[in-house]
Amino acid sequence: MRESDDRLNRRVGELAPLLVVVGPTAVGKSQAAVHLAKALGTEILTADSRQVYRGMDIGTEKPPLQERQGVPHRLIDLVEPDQAFNVGIYRQLALTEIDRVRRQGKIPLVVGGTGLYVRALVRGLWDGPPADWQFRARVTEEARRQGPHYLHLELMRVDPDLARRLHPHDEVKIIRGLEVYHLLGCSLSKLHHAHGFQDKLFSPLIIGLSRERAALYRRIEDRVELELAKGLVQETQTLLDKGHGRELASMKGLGYRQIAGFLAQEYSFEEAVRRLKRDTRHFAKRQLTWFRQ
RNA sequence: GCCGAGGUAGCUCAGUUGGCAGAGCACAGCCCUGAAAAGGCUGGUGUCGACAGUUCGAUUCUGUCCCUCGGCA
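Residues numbered from 1 in each chain as written. Chains lettered and ligands numbered in written order. Predicted model: local features only at pLDDT ≥ 70, side-chain atom pairs only at ≥ 80, totals over all residues. Heavy atoms only, no water.

Secondary structure summary: chain A contains 14 helices and 5 strands in total. Over its C-alpha atoms chain A spans a radius of gyration of 21 Å, differing by no more than 12% from the 19 Å that the globule rule assigns to 293 residues. Principal-axis analysis of the C-alpha atoms gives chain A an extent of 60 × 50 × 35 Å. Counting over 293 residues, chain A shows a buried share of 43%. Taken as a whole, chain A presents about 16,300 Å² of accessible surface, with 52% of it coming from carbon and sulfur. Of the side chains in chain A, 47 bear a positive and 37 a negative charge, and the two mean positions are spaced by 5 Å. (Helix = DSSP H or I, 4+ residues; strand = E, 2+ residues; numbered from the N terminus. Rg over C-alpha atoms; globule rule 2.2 N^0.38 Å. Buried < 20%, exposed > 50% of the residue type's maximum accessible area, 1.4 Å probe, protein only. Areas by Shrake-Rupley, 256 points an atom, 1.4 Å probe, with all protein chains shown as cover. Lys, Arg positive; Asp, Glu negative; His and termini not counted. Charge placed at Lys NZ, Arg CZ, Asp CG, Glu CD.)

And the structure:
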């Protein structure tokens, strides 16, 4: 019943509206989004792969309660830092939230800096398996033994199309390709192609925020200093004390990674701050290439 | 003032037995569908401190000067 409704809607071009605000870190998304949400009388659905972790507040720049001005923020604090999280889980939860907001007669407003999450909402996500960490550990170990280009050659055997698109050094993506073949017996490039990423559920209006580069970098530096003043070091220590090791994906996030290195006495505090600022600038640049298109 | 070391990319430095100057970082551009704040690719950049001399040719050798750092005064 709903299925056919959706199909009908698609045919007549009446896809559900979806408002999306994207932009690099520190550009001022959160503040702009609160204004927009208040003006529209709606809520904020965050698209941020780091704000989903509970207890990671300062380093992920979750807007403090007083800055939210009563606007509900959803899709944050979803899991513990040692729990697995990924685009698939995000998309599922986000679709539920979007549906709920729509039923209340409001325009869903998605705000975030994680390009992949936004794209998975707007273009769909192929129905694939999540990471198999045992497989990944095994394959990584094998690559150590067999030499650097071993995995790429393996992928060339099972998925030549993907192998040609990936640089031999891009181990993370190469392993994903091997993993999918291992789990499903079919090449990832075929599965991607079959899906096509034309899975349009919404008619999105995407608003990209930007700033002059020098100003953005200045804001990043100020923001890092502010995070430190708010107690980023203490927050990192607390997470480590809870047993959340540096190998966790969540602990590899900006801020935690650099501060954890300092706490492990690998380098000085000044060096940690320098790296954090630098890595955040690099990240903002990568975000810009997602959002430019 | 004297002695010593040095002045090469935005920064830290390597180098040229005299023949179009090169690394890391910074910076810029890009890729991406279950780790994505992850992971990966590509690319500029130069009065080689200044002036003169030797030389077919000087960033490289010689001289003078300027500047920086250390030591002695």
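Let us look at the protein's contact with RNA strand B. Looking at RNA strand B, there are 47 residues lining it, with Ser49, Leu125, Arg136, Arg281 and Arg292 nearest. In RNA strand B, atoms within 4 Å of the protein come from the sugar-phosphate backbone in 55% of cases. Taking Asp48, its side chain carries an N or O atom lying 3.5 Å from a base nitrogen of RNA strand B. Note that a phosphate oxygen of RNA strand B is positioned 2.4 Å from one of the side-chain N or O atoms of Arg286. Secondary structure elements with two or more residues in the surface near RNA strand B: α4 (87–103), α5 (115–123), α6 (133–146), α9 (171–184), α11 (213–230) and α14 (269–291). Per-element accounting of the surface near RNA strand B gives the leading share, 8 residues, to α14. Residues of the surface near RNA strand B, tallied by class, amount to 16 nonpolar, 15 polar and 16 charged. (Near = heavy atom within 4 Å. Polar contact = N/O pair within 3.5 Å; in protein donor to acceptor, adjacent residues only side chain to side chain. Nonpolar A, V, L, I, M, F, W, Y, C, P; charged D, E, K, R; others polar.)

Moving on: the packing of helix α12 (residues 232–241) against helix α13 (residues 256–263). α13 packs onto α12 with a crossing angle of 80° between their chain directions and a minimal axis gap of 9 Å. It follows from the interaxial angle that α12 and α13 lie roughly perpendicular. From α12, Leu232, Val233, Glu235, Thr236, Gln237, Leu239 and Leu240 reach across to α13, where they touch Tyr256, Ile259, Ala260 and Leu263. Its residues placed into classes, the contact of α12 with α13 shows 8 nonpolar, 2 polar and 1 charged. (Axes fitted to C-alpha atoms, helices over the stretch in contact; angles between N-to-C directions. Parallel < 35°, antiparallel > 145°, perpendicular 65-115°, else oblique. Contact = heavy atoms within 4.5 Å.)

To continue, consider the side chain of Arg91. Tracing the chain through its elements places Arg91 in helix α4. Owing to a relative accessible area of 12%, Arg91 belongs among the buried residues under this scheme. Reaching out from Arg91, the side chain makes a polar contact with the backbone oxygen of Ala120 at a distance of 2.8 Å. Setting aside chain neighbours within four positions, we find Arg91 in contact with Ala120, Leu121, Gly124, Leu125, Asp199 and Leu201.

Counted under the stated rule, the structure contains 3 aromatic pairs. Look at Phe85 and Tyr117: their rings are 6.4 Å apart centre to centre, the planes differ by 50°, and that puts the pair in the tilted class. Separated by 32 residues along the polypeptide, Phe85 in the loop between β3 (73–74) and α4 and Tyr117 in helix α5 bring together distant segments of the chain. Each member of the pair, Phe85 as well as Tyr117, carries the same accessibility label: buried. Ring centres of Tyr90 and Tyr117 lie 4.6 Å apart, and the angle between their planes is 20°; this geometry places the pair in the stacked category. Highlighted residues: Tyr90 in helix α4 and Tyr117 in helix α5, separated in sequence by 27 residues. Accessibility expressed as a relative area gives 0% for Tyr90, which makes it buried. Through a chain of ring-to-ring contacts, the aromatic side chains of Phe85, Tyr90 and Tyr117 assemble into a single cluster. (Phe/Tyr/Trp six-rings, centres within 6.5 Å; stacked < 30°, edge-to-face > 60°.)

Further remarks concern the environment of Pro129. Mapped onto the secondary structure, Pro129 falls in the loop between α5 and α6. Given the relative accessible area of 18%, Pro129 is considered buried. Along the primary structure Pro129 and Val180 are separated by 51 residues, whereas in three dimensions their C-alpha atoms are 7.3 Å apart. Not counting residues within four places of it along the chain, the set of residues in contact with Pro129 comprises Arg176, Leu183 and Leu184.

What follows covers α13. Those residues of α13 not exposed but buried are Tyr256, Gln258, Ile259, Ala260 and Gly261. Elements in contact with the buried residues of α13: α11, α12 and α14. Once α13 finishes, Gln265 follows within two positions and takes phi at roughly 65°, a positive value.

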